[in-house]
Amino acid sequence: MKKEEIKLKLNVVGKNIIRVDGLSKVTGRAVYPQDIYMDNMLYGKTLRSDKPHANIKVDISEGEKVEGVVKILTAKDVPGHNYHGVLFKDHEVLCETRVRRIGDPIAFIVAETEEAAEEAMDKINVEYEELDGVFDPIEAMKKGAPKVHEDGNIVYHYKIRKGNVEDAFKECDVIAETEYKTHMVEHAFLQPEAGIAYVDDDGMIIVVASTQYPHFDQLEVAEAMGIPTEKVRIINPAVGGAFGGREDITLQIHLAMAAKATGRPVKCTYSREESFVAHCKRHPMVMKCKTGADKNGKLLAMEAEIVGDTGAYASWAINVLRKAGVHITGPYEIPNVKVDSYAVYTNNPFAGAMRGFGATQVPIAHEQQMDILAEKLDMDPMTIRMKNMFKLGSETATGQILEESVPLDRCIQEVEKVMNFTQGKKGGERE
Amino acid sequence: MKEINLTVNGKKHRIKIDENMRLIDLLREKLNLLGTKEGCGEGECGACSIIMDGEVVTSCLVMAFQAESADIITIEGLEKEDGTLHPIQQAFLDEGATQCGFCTPGMILSAKALLDKNPRPTRVEIKEGISGNLCRCTGYNKIVDAIEKAAILLEKGGN
Amino acid sequence: MKIKEVIKAKDLNEALLSLDKYRDKSKLIAGGTDIVIDLKHKKVLPEVLIDISDVEELSQIKIEESYVEIGAAVTFTKIEKSKKLDNRLKGLKEASRLVGSPQIRNLGTIGGNICNVSPAADTVPPLLALDSIAVVMSVEGKREVPLQELFLDKGKIDLKENELLHSIKFSKLQKNQALGFSKLGLRKALAISRIATSVCIEIDEDNRCKEIRIGSGALGKYGLREKSTEDFIRDKILDENFIEESARFLKSEIEKRLEGRSSKEFKSEAVMGTFKKAIREAIQLIKA
């Protein structure tokens, strides 16, 4: 079929389509979990660690005396496995003897009102025996650093070896060697986590929560509850933004446990502050880069070490640090590449998925490397990029041949039309 | 408990409120107007924006008892009874100015408060008008487009 | 929150009587933009809330023969949009316009801005530069006190348990006087001031500075006057060179004040920019 013919047959592609949920959203009728109110409903609140690394002893007796409190759940109330996690099961549903970060959940209070739950939260006694923590991923990699989990702090090491960088650097006329650091970033999706759970007439546990992975949630809830997955249903209502921050479990298992334990619907809505504490962050990264080029600006070698701070839990650290490793060369052909990318545990807030998934941090490094090289060569920043960029047929550092659609040159030329980088470099007027 | 009188979306109410209640709690829990969203509880995000006596305010920063005798418009008050959308809602829908939707009701009410006072705002004025409303999906351009379009629709004689 | 009684005062008398009755058990609320958050976080635990936002007498801007009086419950929006306040007071209008967001400006009041004694309160530097007088009232009567003297410490205002801030008064500006303002925030909206500077000047035909008052925000525990810089500038001709020189003088003053603070380097440099903007604006307003 010719392009025009295909176009005629398409109902959606190339057309301006009104979103299916658009009407419910512009009228305010879209239902997010916080908008669900059920008869006979209870409210849940999470007691969280305020220490980054400590052994704990929990005494809930004073909290249980608060009027209106129906149930206080702790680690011993988890019916199945007291763990969850997207790759490694390194989170506890409720921490039993140890907390590894500020914000680790310790108890889940279920009460007739939010006020009663809050009051009970203040009365639960958590005895902390503080442990040495580690807050710098570079320190955490060293021998003798406090261990966040039993198997050591290095979660993952990803390597790329292509050509021979040592020999290639000897051929380079210019070398840029720089260390870059990026910080933690919060998703701040506009709808804070909320959910409601209940047990239906057939004994099925229903969890209504805004989530990115209802099918993963089902598995995690079932494992923690010690029941088959077909006894758990996850309902995903309107999701008020996620950006990766709703990939890990937050309140789903707590709610399921509470509904099962009380036989009543239980609702939980995080405040903005709790939302910040509860879910993952973007991985802060330390990126040491050495990039070399010949006198014509042709890249010959790159060596990079990336250390990603995944905080107290692995979440998607492996995928994120692999992606960072793959993308650290930027969209440039480099014949000799050596990359070592690590994911490291610390007692910081845990890091996971966030928009770009490891590909967002690295341009800060590889693009500044290009600018530094351009400056050393007295070349404008556009020309050095045009000389080295991926095009059709290029081979990436991981050996992938780019076989179709690599229109980066066109993109840069369009940008140049507006920005006049080359003119600017020569001292001309920028738009 | 205290009893207050107020008008919401043209309807008069006499309601018993708890002294500790905020206006957003009154709207959501007493009047079941769930289109008003709570995103931060500190007046930073604007998701709970409503129009009170003609001015856009964050309902998380108003105590319920302060709304005595107030005239309030929430997102539920914009549609006509026959279900016809308000021109601003229609423009948001047509321009794809809604993504996750959590900011949308507040954004639309800020737009309404702006257009009620300034029927043909510039893009800069529109941006100022919605500067108290965060969109984290970052669809700001489409939102500004929608408000521009709504101004035209309103001028042509919407409601 | 455990509030037992709420009072929506209909007039000043009711507000004053309620305040006198409940004293430290009560808190005043007007715009609510700060106190509602404090209530949520249990930072304040009043049993009684007294709403003064609808008290007519506190919600007016009055232009008298020799002075301007702004009620404590006047909102930022009302100041920003007020036609009564002429353009020579642009610095005050601008400070009001740059508070928070439209929603916050529609609620928040100038009295709240003053009484919270935040170092970054936006309208305080222009009010200080205007040499404002605070009018304080209780059932016992009225007292007037220079605004600066109300500030005891960060978050602490010199009001008795049964007193409220009634209004702010300042002399009307003459033809050769004007008020400028400049604020540095981290973004355009909803930004707390990192630095704010307001300058009120009087100049003669030769550009000689007859009088100057400089109000600073976020450069101390609360809003402050920069008196030594004022003395440095007074009676000098305000040409560009001298403005630059004055900015450097102010910089050295701020360096001294912020000694040992991590913000010293940034703020002492940045204040030169806000100062120059504010004083140039004031000069322009006079010449316009």
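Residues numbered from 1 in each chain as written. Chains lettered and ligands numbered in written order. Predicted model: local features only at pLDDT ≥ 70, side-chain atom pairs only at ≥ 80, totals over all residues. Heavy atoms only, no water.

Chemist: How should the overall build of chain A be read in this particular structure?
Modeler: Scanning chain A from N- to C-terminus turns up 14 helices and 15 strands. Intrachain contacts of chain A at a sequence separation of at least 6 include 79% that bridge at least 24 residues. Accessible surface, chain A as shown: approximately 19,900 Å² in total, 51% of it carbon and sulfur. In chain A, which carries 54 positive and 67 negative side-chain charges, the distance between the mean positions of the two groups comes to 5 Å. (Helix = DSSP H or I, 4+ residues; strand = E, 2+ residues; numbered from the N terminus. Contact = heavy atoms within 4.5 Å. Areas by Shrake-Rupley, 256 points an atom, 1.4 Å probe, with all protein chains shown as cover. Lys, Arg positive; Asp, Glu negative; His and termini not counted. Charge placed at Lys NZ, Arg CZ, Asp CG, Glu CD.)

Chemist: Even after reading the chapter, I still don't get the interface of chain B and chain A, so can you show me in this structure?
Modeler: Think of interface size as the accessible area that goes away when the parts come together; that is how it is often given. Every contact between the two is made by 31 residues of chain B and, on the other side, 31 residues of chain A. Counting the surface lost from both chain B and chain A, the interface buries some 2,300 Å², and carbon and sulfur atoms represent 56% of this. Here Asp35(A) and Lys37(B) are joined by a salt bridge, their closest N and O atoms 2.4 Å apart. Counting every contact that joins chain B to chain A gives 17 residue pairs in polar contact (both at pLDDT 80 or more). Those elements that place two or more of their residues in the side of chain B that touches chain A are helix 1 (23-30), helix 2 (87-94) and helix 3 (104-117) of chain B. Per element, the largest residue contribution to the side of chain B that touches chain A is four residues, and it comes from helix 2 of chain B. (Buried area = accessible area lost by both parts, 1.4 Å probe. Salt bridge = Lys/Arg side-chain N within 4 Å of Asp/Glu carboxyl O. Polar contact = N/O pair within 3.5 Å; in protein donor to acceptor, adjacent residues only side chain to side chain.)

Chemist: Is there a simple way to think about the pattern of salt bridges in this case?
Modeler: Close approach of charged atoms allows side chains of opposite charge to pair. Under the counting rule described, the total for this entry stands at 67 salt bridges over all chains. Put simply, Lys417(A) and Glu414(A) hold a salt bridge, and the shortest N to O gap is 3.0 Å. Pair noted here: Lys417(A) and Glu414(A) are both in helix 13 (residues 408-419), with a separation of three residues, about one helical turn. Close ionic contact of Lys276(C) with Glu244(C) constitutes a salt bridge, the shortest N to O distance being 3.1 Å. Placement of the pair is Lys276(C) in helix 11 (residues 264-287) and Glu244(C) in helix 10 (residues 240-257), with a sequence separation of 32 residues.

Chemist: Is there a simple way to explain the packing of aromatic side chains in this structure?
Modeler: Applying the stated criterion across every chain yields a total of ten aromatic pairs over all chains. Between Tyr32(A) and Phe102(B), the ring centres sit 4.9 Å apart and the planes meet at 85 degrees, which makes this aromatic pair edge-to-face. With Tyr32(A) in the loop between helix 2 (22-26) and strand 1 (42-48) and Phe102(B) in the loop between helix 2 and helix 3, the pair connects residues from two separate chains. In this structure, Tyr32(A) and Phe102(B) share a single accessibility class: buried. (Phe/Tyr/Trp six-rings, centres within 6.5 Å; stacked < 30°, edge-to-face > 60°. Buried < 20%, exposed > 50% of the residue type's maximum accessible area, 1.4 Å probe, protein only.)

Chemist: Even after reading the chapter, I still don't get the confidence of the model for chain A, so can you show me in this structure?
Modeler: Do not read the fine detail of predicted coordinates wherever pLDDT is low. Here chain A shows a mean pLDDT of 95. Residues at 70 or above account for 96%. pLDDT under 50 marks residues 427-431 of chain A. Its contacts with residues more than four places away, or in other chains, come to nine contacts. (pLDDT = per-residue confidence, 0-100.)

Chemist: Just to check I follow, could you spell out the nonpolar core for this structure?
Modeler: Nonpolar side chains tend to gather and get buried jointly when the protein is soluble and globular. Residue and element names in this part refer to chain A. Counting 49 residues, the largest nonpolar core has Met287, Cys289, Ile306 and Ile328 as the members making the most contacts within it. Listed by contribution, the elements that provide at least two residues to this core are strand 7 (154-162), strand 8 (174-181), strand 13 (285-293), strand 14 (299-311), helix 10 (317-327), strand 15 (336-345), helix 11 (362-376) and helix 12 (381-388). At six residues, the largest contribution of residues to this core is made by strand 15. Discounting chain neighbours no more than four positions away, the residues touching Ile328 are Met287, Cys289, Met302, Ala304, Ile306, Val339, Val362, Ala365 and His366. (Core = buried A, V, L, I, M, F, W, Y, C linked by side-chain atoms within 4.5 Å.)

Chemist: Can you walk me through the domain arrangement of chain B in this structure?
Modeler: Residues and elements named next belong to chain B. Split into domains, chain B comes out as domain 1 (2-77) and domain 2 (87-155). Taken together, the contact pairs 17 residues of domain 1 with 13 residues of domain 2. Viewed at the interface, domain 2 and domain 1 are joined by one salt bridge. In this structure, Lys117 and Glu55 form a salt bridge, with 3.3 Å as the shortest nitrogen-oxygen distance. Our count for the contact surface shared by domain 1 and domain 2 stands at five residue pairs in polar contact (both at pLDDT 80 or more). The element best represented in the side of domain 1 that touches domain 2 is strand 3 (residues 49-52), accounting for three residues. Class assignment of the residues belonging to the side of domain 1 that touches domain 2 gives a composition of seven nonpolar, six polar and four charged. (Domains from an automatic or database assignment. Nonpolar A, V, L, I, M, F, W, Y, C, P; charged D, E, K, R; others polar.)

Chemist: Help me out: how do you make sense of the environment of Lys281(A) in this one?
Modeler: All names here are of chain A. Along the chain, Lys281 turns up in the loop between helix 9 (272-278) and strand 13. In this structure Lys281 comes out as buried when scored by relative accessible area, which is 7%. Linking Lys281 and Tyr156, residues 125 residues apart in sequence, is a C-alpha distance of 18 Å. When residues no more than four places from it in sequence are discounted, the contact partners of Lys281 are Met184, Val185, Glu186, His187, Phe276, Pro349, Phe350, Ala351 and Gly352. Here the side chain of Lys281 touches His279 through a polar contact of 3.0 Å, landing on its backbone oxygen.

Chemist: What am I meant to see in the packing of helix 2 of chain B against helix 5 (residues 140-155) of chain B here?
Modeler: Two numbers describe a pair of packed helices, the interaxial angle and the distance between the axes. All names here are of chain B. At a closest axis distance of 8 Å, the pairing of helix 2 and helix 5 adopts a crossing angle of 135 degrees. One element, helix 2, and the other, helix 5, form an angle in the oblique class. The crossing of helix 2 and helix 5 is right-handed. Here Pro87, Ile88, Ala91, Phe92 and Asp94 of helix 2 come into contact with helix 5, specifically with Ile143, Ala146, Ile147, Lys149, Ala150, Leu153 and Leu154. By residue class, the composition of the contact of helix 2 with helix 5 is ten nonpolar, no polar and two charged. (Axes fitted to C-alpha atoms, helices over the stretch in contact; angles between N-to-C directions. Parallel < 35°, antiparallel > 145°, perpendicular 65-115°, else oblique. Left-handed = near helix turned anticlockwise from the far one by under 90°.)

Chemist: In this structure, what is going on with the domain arrangement of chain A? I would like to understand it.
Modeler: All names here are of chain A. Split into domains, chain A comes out as domain 1 (33-130 + 192-278) and domain 2 (137-185 + 281-422). Centre-to-centre separation of domain 1 and domain 2, based on C-alpha positions: 38 Å. Facing the 20 residues of domain 1 at the interface are 20 residues of domain 2. Approximately 1,900 Å² of surface area, both sides summed, lies buried where domain 1 meets domain 2, with 54% of it carried by carbon and sulfur atoms. Of all residues in domain 1, Asp90, Arg100 and Phe243 bury the most surface against domain 2, accounting for 30% of the area lost on that side. The partner of Arg98 in a salt bridge is Glu150, with the nearest N and O atoms 3.1 Å apart. The tally of links between domain 1 and domain 2 comes to 14 residue pairs in polar contact (both at pLDDT 80 or more). Grouping the amino acids of the side of domain 1 that touches domain 2 by side-chain chemistry returns nine nonpolar, four polar and seven charged.

Chemist: I'm lost on the sheet that holds strand 8 of chain A in this one. Help?
Modeler: What holds strands together in a sheet is hydrogen bonding between their backbones, with the strands either parallel or antiparallel. Residue and element names in this part refer to chain A. Strand order in the open sheet made by the five strands is 7-15-14-13-8, with mixed pairing throughout. Of all strands in the sheet, those with a lone pairing partner are strand 7 and strand 8, marking the two edges. Strand after strand, the sheet turns through a mean of 5 degrees between neighbouring axes, direction not considered. Across ten bridges, strand 14 lies against strand 15 in parallel orientation. Considered in strand 15, the bridge of Glu303 is made with Lys338. Contacts from helix 10 reach strand 7, strand 13, strand 14 and strand 15 within the one sheet, and its direction differs from that of strand 7 by about 25 degrees. (Pairing = 2+ DSSP bridges.)

Chemist: Just checking my understanding: could you explain a nonpolar patch on the surface for this structure?
Modeler: Taken together, the side chains of Val415(A), Val418(A) and Met419(A) present a nonpolar region at the surface, about 240 Å² in accessible area. You can see Val418(A) is positioned in helix 13. (Patch = residues over 30% accessible without salt bridge, like charges linked within 9 Å, V, L, I, M, F, W, Y side chains within 5 Å.)

Chemist: Where do I start with the confidence of the model for chain B in this structure?
Modeler: Summary statistics for chain B give a mean pLDDT of 96 and a share of 99% for residues scoring 70 or more. With a pTM of 0.94, the predicted complex shows an ipTM of 0.97.

Chemist: How do you make sense of helix 7 (residues 214-225) of chain A when you look at a structure like this?
Modeler: In an α-helix, one full turn covers 3.6 residues, which means residues spaced three or four apart are oriented alike. Residue and element names in this part refer to chain A. A rise of 1.5 Å per residue sets the reference length of helix 7, with its twelve residues, at 16 Å; its end C-alpha atoms lie 16 Å apart and thus fit the reference within 8%. Tucked inside the fold, the buried residues of helix 7 contact strand 10 (205-209), strand 11 (232-235) and helix 8 (252-262). One or two residues past the end of helix 7 sits Gly226, with phi positive at roughly 70 degrees. (Expected span 1.5 Å × (residues − 1).)

Chemist: Just to check I follow, could you spell out the side chain of His149(A) for this structure?
Modeler: Residue and element names in this part refer to chain A. Turning to its location among the elements, His149 is positioned in the loop between helix 5 (137-140) and strand 7. You can call His149 buried: its relative accessible area is 11%. Reaching out from His149, the side chain makes a polar contact with the side chain of Arg100 at a distance of 3.4 Å. Separated by 2.6 Å, the side chain of His149 and the backbone oxygen of Ala312 make a polar contact.

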